[in-house]
Amino acid sequence: MIELKQVKLPIDHSEEELFAKIAKLLKVKESQIKDFYIDKKSIDARKKPELYFVYTILADVSNDEPAVLKRCKDNNICRYEPVIYHFPKKGSLKMKNRPVIIGSGPAGMFCAYLLADNGYQPILLERGMDVDRRTEEIDKLWDQGTLNLKTNVQFGEGGAGTFSDGKLNTLVKDKFGRSKYVLGIYVNEGAPEKILYEAKPHIGTDILVDVVKNMRNHIIEMGGEVRFESQVTDLIFDAGKAMKGVVVNGSETIDTQTVVLAIGHSARDTLELLSGKNIPMEAKSFAVGLRVEHPQTMINQANYGMEKNPLLDAAPYKLVGKGKNGRGVYSFCNCPGGYVVDASSEEGRLAINGMSYSDRGSENANSAIIVAITPEDFDGNHPLAGIEFQRKLEEKAYALGNGKIPVQLFGDFVKNKISKEEEFQYQPCIKGSYKTANLRELFTKEINDAFIDGMYDFGKTIHGFDSEFSLLSGVECRTSSPVRILRDDTMQSTMSGLYPCGEGAGYAGGIMSAAMDGIKVAEMIATQYDSY
Ligand SMILES: Cc1cc2nc3c(=O)[nH]c(=O)nc-3n(C[C@H](O)[C@H](O)[C@H](O)COP(=O)(O)OP(=O)(O)OC[C@H]3O[C@@H](n4cnc5c(N)ncnc54)[C@H](O)[C@@H]3O)c2cc1C
């Protein structure tokens, strides 16, 4: 296979034109090309509104390959060296009991998937409901304001990654091919094939719901067990500080020497349980802020030089800046054509996030604009102090909106006054009810100042970003885990057999990195044990 990089064509090109361009670059007749695949696809908008797709192509010229490569003296054309993922060689120990994975988010799900595929018959325990019943519970929150504490946007099948935007990009370095392997599993379980090559792959909640169900069925087919409404309420260790078992729903004990702790960052009660058991952990930095919504057409105009084009997806953006007081400010979890969602999981506390469907078809783009905070901002130096910091913000947000999502125009945020809904220039795209409020009351002056500086700064990159009519909502404070559960080189805690994993343990910051961490833990378990 030959790899051709930087194959650039106008966005309205036909398949024939792409084929002809590949043949031209390879200096062969079209008939000599047996097949070709798109390996990567991105947009070049530097000359907007003149837009191009830029491809990396894999072309099969069969026996002509050596001659073609010799003829093409071009740095963008070379032999394709695929990075193929391999599960490691198994260890020799026999497992006494089945491994238990706590949490069915991307970390737990992918860990269970690989362990099941390789004969370890894992038991996957999830405190929330299966995804169909979970959808009903989340609709009750968004339509009627009724929060189910066990099943919500944070908890339930697929974890926080299910009712999400489903962006699948990651900055994690990946020389072992885990990232492509994760995407390949998603495609096998129902995600569109284009996620394998798009520069910014995206699935969307409507598809993710089926994908996680298919992943569950695969785990079961391969000998695993998946149990919902099964919250781990205690961990049992033997005298030698090794895992002995877990307690489910306060009553049932499951004996196991291998426990993967893939609990996500919102399982505050479980983190408190671990802290109470002296599992080593430390407070870590994260970021807090507000969601901002703009008309998607405005973002498209800034990125593509046009408000709409049926050949293009809703435009994404990423912005990084610094407040005058030195605090980092950046956009986070941008959801083009998405919705702001009520993502609360505790009574009397309100947290928001962003999601989208596969068509990214809503009128607004949203994104969190967040300000970096460190453990020095927390009260005290307890490892869980960051959780208390989050809780206080969520309580304030709940009070500001009277249980509804508090919203405000950016102009009024600057003026420090409550907005009037009749002054909105466009409607918020929000899942959950909302109420106008003064969001400035949420944060300290330092965080508010940095937020305002960031907004004005971003207005220099995207015209209109800092408009007084930009819509703000809050509070966004579960941007990453406020705590890290320490693990050694074998990915275990000081309690042997306990594997902290994924975002909640502080080793991931998104769907892809959580899934890849789940795979790494499965590999680590496999290097010790031959099977169950
Ligand atoms: C609305 C929203 C949109 C998002 N959009 C994106 C996006 O577009 N792209 C992206 O990369 N990331 C996104 N994220 C973040 C992403 O979802 C998380 O980074 C990722 O899900 C973390 O995976 P995880 O497996 O570590 O934890 P989680 O997904 O949080 O899963 C943890 C699971 O463990 C379960 N659990 C916790 N405690 C227990 C217990 N004691 N017993 C049994 N089960 C337990 C929970 O119920 C939960 O299902 C989004 C998050 C939200 C909330």
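Residues numbered from 1 in each chain as written. Predicted model: local features only at pLDDT ≥ 70, side-chain atom pairs only at ≥ 80, totals over all residues. Heavy atoms only, no water.

A. Here's a closer look at the overall build of the protein. Summing up its helical and strand segments, the protein has 12 helices and 26 strands in all. Relative to the 2.2 N^0.38 estimate, which gives 24 Å for 532 residues, the radius of gyration of the protein is 24 Å and therefore close to what a compact globule would have. When its C-alpha atoms are laid out on the principal axes, the protein stretches across 70 × 65 × 40 Å. Taken across its 532 residues, the protein has 56% of its residues classed as buried. Across the protein, every contact between residues at least 6 apart in sequence was considered, and the portion connecting residues at least 24 apart equals 72%. Placing the 65 positive and 73 negative side-chain charges of the protein at their respective mean positions leaves the two points 5 Å apart. (Helix = DSSP H or I, 4+ residues; strand = E, 2+ residues; numbered from the N terminus. Rg over C-alpha atoms; globule rule 2.2 N^0.38 Å. Buried < 20%, exposed > 50% of the residue type's maximum accessible area, 1.4 Å probe, protein only. Contact = heavy atoms within 4.5 Å. Lys, Arg positive; Asp, Glu negative; His and termini not counted. Charge placed at Lys NZ, Arg CZ, Asp CG, Glu CD.)

B. Inspection of the sheet that holds strand 11 (residues 252-255) at higher detail. Sheet architecture is open: three strands sit in the order 9-10-11, paired in antiparallel fashion. The open sheet has two edge strands, strand 9 (232-237) and strand 11, and neither has a second partner. Direction aside, the axes of adjacent strands within the sheet are offset by 25 degrees on average. In this structure, strand 10 (residues 243-248) lies alongside strand 11, joined through four bridges in antiparallel fashion. Opposite Gly-245, over in strand 11, you have Asp-255 as the bridge partner. (Pairing = 2+ DSSP bridges. Axes fitted to C-alpha atoms, helices over the stretch in contact; angles between N-to-C directions.)

C. Here's a closer look at the packing of helix 3 (residues 106-117) against helix 5 (residues 178-188). At a minimum axis separation of 12 Å, helix 3 and helix 5 run at an interaxial angle of 85 degrees. With respect to helix 5, the axis of helix 3 lies roughly perpendicular. Two secondary-structure elements touch here, helix 3 through Pro-106, Phe-110, Tyr-113 and Leu-114 and helix 5 through Tyr-181, Val-182, Ile-185 and Tyr-186. (Parallel < 35°, antiparallel > 145°, perpendicular 65-115°, else oblique.)

D. Expanded view of helix 11 (residues 445-461). Taking 1.5 Å of rise per residue, 17 residues should cover 24 Å, and helix 11 covers 25 Å from first to last C-alpha, within 8% of that figure. Buried residues belonging to helix 11 abut strand 14 (286-295), strand 15 (320-322), strand 16 (328-335), strand 19 (364-373), helix 10 (410-415) and strand 23 (471-476). (Expected span 1.5 Å × (residues − 1).)

E. Examining a negative patch on the surface more closely. Judged by side-chain charge, Asp-12, Glu-15, Glu-16, Glu-17 and Glu-30 come together as a negatively charged surface patch. Position of Glu-30 relative to the elements: it lies in the loop between helix 1 (15-26) and strand 2 (35-47). (Patch = residues over 30% accessible without salt bridge, like charges linked within 9 Å, V, L, I, M, F, W, Y side chains within 5 Å. Areas by Shrake-Rupley, 256 points an atom, 1.4 Å probe, with all protein chains shown as cover. Salt bridge = Lys/Arg side-chain N within 4 Å of Asp/Glu carboxyl O.)

F. Here's a closer look at empty space enclosed by the protein. The final tally for this structure, using the stated rule, is one cavity of 30 Å³ or more. Considering only enclosed or pocket space, the largest cavity measures out at about 70 Å³ in volume. Taken together, Ser-104, Gly-105, Pro-106, Met-109, Phe-110, Gly-158, Gly-161, Thr-162, Tyr-186, Leu-208, Val-212 and Met-215 make up the full set of residues lining the largest cavity. Of all the elements in the fold, those that place two or more residues in the lining of the largest cavity are helix 3 and helix 6 (205-221). In terms of residue class, the lining of the largest cavity is built from seven nonpolar, five polar and no charged. (1 Å grid on protein atoms, 1.4 Å probe; cavity = no way out; pocket = protein on both sides within 12 Å on 5 of 7 lines; lining within 4 Å. Points joined across faces, edges and corners; volume = space filled by probe spheres on them. Nonpolar A, V, L, I, M, F, W, Y, C, P; charged D, E, K, R; others polar.)

G. A look at the pattern of salt bridges. Enumeration according to the criterion identifies 36 salt bridges in this entry. Linking Arg-127 and Asp-269 is a salt bridge whose minimum nitrogen-to-oxygen distance equals 2.8 Å. Of the two residues, Arg-127 is situated in the loop between strand 7 (123-125) and helix 4 (131-144) and Asp-269 in helix 7 (residues 268-276); the sequence distance between them amounts to 142 residues. Take Arg-127: its relative accessible area is 12%, and that puts it in the buried class. Since its relative accessible area comes to 36%, Asp-269 is described here as partly exposed. Among the ionic pairs, Glu-157 bridges to Arg-216, the shortest N-O distance being 2.8 Å. Pair noted here: Glu-157 is in the loop between helix 4 and helix 5 and Arg-216 is in helix 6, with a separation of 59 residues, a long-range link. By the burial criterion, Glu-157 is buried, and Arg-216 matches it. Because the salt bridges share partners, they merge into one network encompassing Arg-268, Glu-272, Glu-346, Arg-349, Glu-388, Arg-391, Glu-394, Glu-395 and Arg-478.

H. Structural context of the sheet that holds strand 16. Here seven strands make up an open sheet; going across it, the order is 15-16-19-14-23-20-22 and the pairing mixed. Single-partner strands in this sheet number two, and they are strand 15 and strand 22 (434-436). Between one strand and the next, the sheet's axes are offset by a mean angle of 30 degrees, whatever the strand orientation. Seen against the sheet, helix 8 (residues 296-304) touches strand 14 and strand 19 and runs at an angle of roughly 95 degrees to strand 14. Packing of helix 11 onto the sheet brings it into contact with strand 14, strand 15, strand 16, strand 19 and strand 23, and relative to strand 19 it is tilted by some 135 degrees.

I. Spatial organisation of the nonpolar core. Counting residues in hydrophobic clusters, the biggest one holds 73 residues, and the most contacted among them are Leu-4, Ile-22, Leu-26, Val-288, Phe-451, Phe-465 and Leu-472. When residues in this core are grouped by element, the largest group, six residues, is from helix 11. Not counting chain neighbours up to four residues away, the residues in contact with Phe-451 comprise Leu-290, Ile-369, Val-371, Phe-410, Phe-413 and Leu-472. (Core = buried A, V, L, I, M, F, W, Y, C linked by side-chain atoms within 4.5 Å.)

J. View of the state of the cysteines. According to the stated counting rule, one finds zero disulfides in the structure shown. For Cys-429, which is in no disulfide, the shortest distance to another cysteine sulfur is to Cys-335 and amounts to 12 Å. Looking at Cys-429, the relative accessible area reads 11%, which means it is buried. Among the cysteines around Cys-477, which has no disulfide bond, Cys-333 carries the closest sulfur, lying 14 Å off. (Disulfide = S-S within 2.5 Å.)

K. Broad picture of the site of the ligand. Taken together, 37 residues lie near the ligand, and Ala-107, Glu-126, Ala-160, Glu-503 and Ile-511 sit nearest. Between Asp-165 and the ligand, the recorded distance is 3.5 Å, taken from a backbone N or O atom to a nitrogen atom. Contact with the protein chains hides 96% of the accessible area of the ligand, taken as 1000 Å² for the molecule alone. A class-by-class count of the residues in the shell around the ligand yields 15 nonpolar, 17 polar and five charged. (Near = heavy atom within 4 Å. Polar contact = N/O pair within 3.5 Å; in protein donor to acceptor, adjacent residues only side chain to side chain.)

L. Examining the layout of surface pockets more closely. Its boundaries defined by the atoms lining it, the second largest pocket holds a volume of some 1300 Å³. Lining the second largest pocket we find 43 residues, and of these Asp-39, Lys-40, Lys-180, Leu-196 and Tyr-197 sit closest to its centre. Of all the secondary structure elements, the ones that give two or more residues to the lining of the second largest pocket are strand 1 (2-10), helix 1, strand 2, strand 3 (50-60) and helix 5. Here the lining of the second largest pocket takes seven residues from strand 2, the largest share from any one element. Its residues assigned to classes, the lining of the second largest pocket comprises 23 nonpolar, nine polar and 11 charged.

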